[in-house]
Amino acid sequence: MPYVGRFAPSPTGPLHAGSLVAALASWLDARAHGGQWLVRIEDVDTPRCIPGADQLILQQLATCGLVPDVPVMWQSQRSDAYQAALNTLIAKGWAYPCGCSRKEIEDSQALMSHARERHTAAVYPGTCRNGLNGKAARAWRLNVQRVIDELQLATPLTWQDRLLGSQQQDVAKEVGDFVLRRADGLWAYQLAVVVDDAAQGITHIVRGADLTDNTARQILLQHALGLATPSYMHTPLVLGENGEKLSKQNGAEALDLSDPLQALNRAAQALKLNPCLTTIDDALHQWVQASRSPAIVPQRQSV
Ligand code: GLU
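First, a word on scope: everything that follows refers to the structure included in this document. Small disclaimer: the values here were computed from a predicted structure and weren't measured.

Criteria and thresholds
Residues numbered from 1 in each chain as written. Predicted model: local features only at pLDDT ≥ 70, side-chain atom pairs only at ≥ 80, totals over all residues. Heavy atoms only, no water. Helix = DSSP H or I, 4+ residues; strand = E, 2+ residues; numbered from the N terminus. Buried < 20%, exposed > 50% of the residue type's maximum accessible area, 1.4 Å probe, protein only. Contact = heavy atoms within 4.5 Å. Areas by Shrake-Rupley, 256 points an atom, 1.4 Å probe, with all protein chains shown as cover. Phe/Tyr/Trp six-rings, centres within 6.5 Å; stacked < 30°, edge-to-face > 60°. Lys NZ or Arg CZ within 6 Å of the ring centre and 35° of its normal. Salt bridge = Lys/Arg side-chain N within 4 Å of Asp/Glu carboxyl O. Near = heavy atom within 4 Å. Polar contact = N/O pair within 3.5 Å; in protein donor to acceptor, adjacent residues only side chain to side chain. Nonpolar A, V, L, I, M, F, W, Y, C, P; charged D, E, K, R; others polar. Axes fitted to C-alpha atoms, helices over the stretch in contact; angles between N-to-C directions. Parallel < 35°, antiparallel > 145°, perpendicular 65-115°, else oblique. Left-handed = near helix turned anticlockwise from the far one by under 90°. Pairing = 2+ DSSP bridges. Right-handed = clockwise from strand over helix to strand, strands pointing away.

1. Describing the overall build of the protein chain
And step 1. Secondary structure assignment for the protein chain yields ten helices and ten strands.
And step 2. Every one of the 303 residues in the protein chain was classed for burial, and the buried ones make up 49%.
And step 3. The contacts of the protein chain with a sequence gap of at least 6 include a subset with a gap of at least 24, amounting to 78%.
And step 4. Only carbon and sulfur atoms are counted for the fraction: they give 52% of the accessible area of the protein chain, which is about 14600 Å².

Right, here's the structure in full:
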C-alpha cells in the first residue's frame, strides 16, 4: 500500500516539545512504512500566524533531521481550491450562509441550556439552516444532517484510530453545522485540512491526540466532497507541569535546539522509544527500526 504522510503545523509560533512529538511520530511512521513525508504550513488563520514562524519551524525540523520529501505547501496560497470545494458543497445544497453573530449563537445556546465544554466549539443551533431571515450572510456552514441523510451515512459516525481503536461521534448532535468559511472571510481549518490532505494524496495522518475530536468532521467532509478517507493515528500529548497540554496558546516555550539530540530523545520518550545518545542520524535510524515493530508502541495496530 502506498504511504504518504504529513506534518501540518500552524505557524503561530516556533515548534514546542509537543509539536516535535507529532512531527517525529509522523516522520517515523512514514519512514517505517517506506513512505513519503510531507510538510504543510497551515497558515489560514492569519491573525494567529506569526511572521517568520513558518521558516523557523522548517529550520527547527531540519535541525532535527526531519526534512520533507517534496516542496512544502502553504495553505495561504490555496484559496482557489477551498473556494472550489465550497462551491461544490453549495451546488449540492449542503452548505448554507449564516448571518448569526457569535453573541446570537451564545444567547440561543443559553436558551437551549447547552453546556459548553472547554476546547470545544459551541454547537450551532441551526438558526440560518432554512434561510437568513433578512440577515446579511457572514459565514458558510455545512448542513451536517442533510449530508448524512443524502449520503445515507451511519450515525454516529465511527472510525478506527490506529492507536486509540474504535472512535465515534454524532456530528449533528455533538458538533452541529460547523463553519467552512468564517465570518471574517478566512477559511476554516476543517475545510482546508480536508481539501489539502486530498490534494497532497495523504494516505496516513499521524498527529497529536488533541485533534482526535476533529476527525469525524473531517471524515464527513471527505464523504461530502467525494474524497478518500486516510488512515488516522493520534499520538499521546505532552503535558506541561500544570498537567495541561503543551500548546503555543498556553505559553509552551519554544524548543531549545542547542542540543537537538536531547530534544529528539525527549520527543521519542513520549512515543515510548528508547533514548539514543550517539547522533541524530543513529537515533532516527534506530527509532525507524523500532517503529516497524508493533511491540514498541503499545496497542498500535498495523496499517
Ligand atoms: N495545523 C494543525 C495544528 O497545528 C494541525 C492539523 C492536522 O494535523 O490535521 O494544530
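2. Comments concerning the packing of aromatic side chains
And step 1. Applying the stated rule across the entire model yields two aromatic pairs.
And step 2. Geometrically, the ring pair formed by W159 and Y232 is edge-to-face, given 5.9 Å between the ring centres and 65° between the ring planes. In this pair, W159 is assigned in strand 6 (residues 157-161) and Y232 in strand 10 (residues 231-235), connecting sequence segments 73 residues apart.
And step 3. Overall, the relative accessible area of 8% leaves W159 in the buried class.
And step 4. Over the ring of W187 we find R181; its NZ or CZ atom is 4.2 Å from the centre of that ring.

3. Regarding the environment of A30
And step 1. Mapped onto the elements of the fold, A30 is located in helix 1 (residues 17-32).
And step 2. Between the alpha carbons of A30 and V206 there is a distance of 9.1 Å; along the sequence they are 176 residues apart.
And step 3. Apart from residues lying up to four places away in sequence, A30 is in contact with Y3, G35, Q36 and W37.

4. A short note on the pattern of salt bridges
And step 1. Per the counting criterion, the structure on display carries twelve salt bridges.
And step 2. For R162, the salt bridge identified is with D29, shortest N-O distance 2.9 Å. A residue pair is termed long-range when its members are at least 10 positions apart, and R162 in the loop between strand 6 and strand 7 (165-169) and D29 in helix 1 qualify at 133 residues. Here the two residues R162 and D29 agree in accessibility, since each one is buried.

5. Thoughts on the site of the ligand
And step 1. Around the ligand sit R6, A8, P9, S10, E42, Y189, V193, R207 and L211, and those are all the residues in its vicinity.
And step 2. R6 is positioned with one of its side-chain polar atoms (N or O) 2.6 Å from an oxygen atom of the ligand.
And step 3. S10 places a side-chain nitrogen or oxygen 2.9 Å from a nitrogen atom of the ligand.
And step 4. When the free accessible area of the ligand is taken as 300 Å², the share hidden by the protein chains comes to 79%.
And step 5. Each residue belonging to the shell around the ligand can be placed in one class, and the counts come to five nonpolar, one polar and three charged.

6. Thoughts on the packing of helix 1 against helix 10 (residues 280-291)
And step 1. Two numbers describe how helix 1 lies on helix 10: the axes approach to 9 Å, and their chain directions differ by 70°. Relative to helix 10, helix 1 is oriented roughly perpendicular. Relative to helix 10, helix 1 is oriented so that their crossing is right-handed. Counted together, L24, W27, L28, R31 and A32 of helix 1 and L284, W287, V288 and S291 of helix 10 form the full contact between these two elements.
And step 2. Looking at the contact of helix 1 with helix 10 residue by residue, the classes come out as seven nonpolar, one polar and one charged.

7. Side note on the pairing of strand 10
And step 1. With five of five residues buried, strand 10 is to be regarded as a mostly interior element.
And step 2. Here strand 9 (residues 204-208) pairs with strand 10 via five bridges, running parallel. The residue of strand 10 that forms the bridge with R207 is H234.
And step 3. In terms of handedness, the path from strand 9 via helix 8 (residues 215-224) over to strand 10 forms a crossover that is right-handed.

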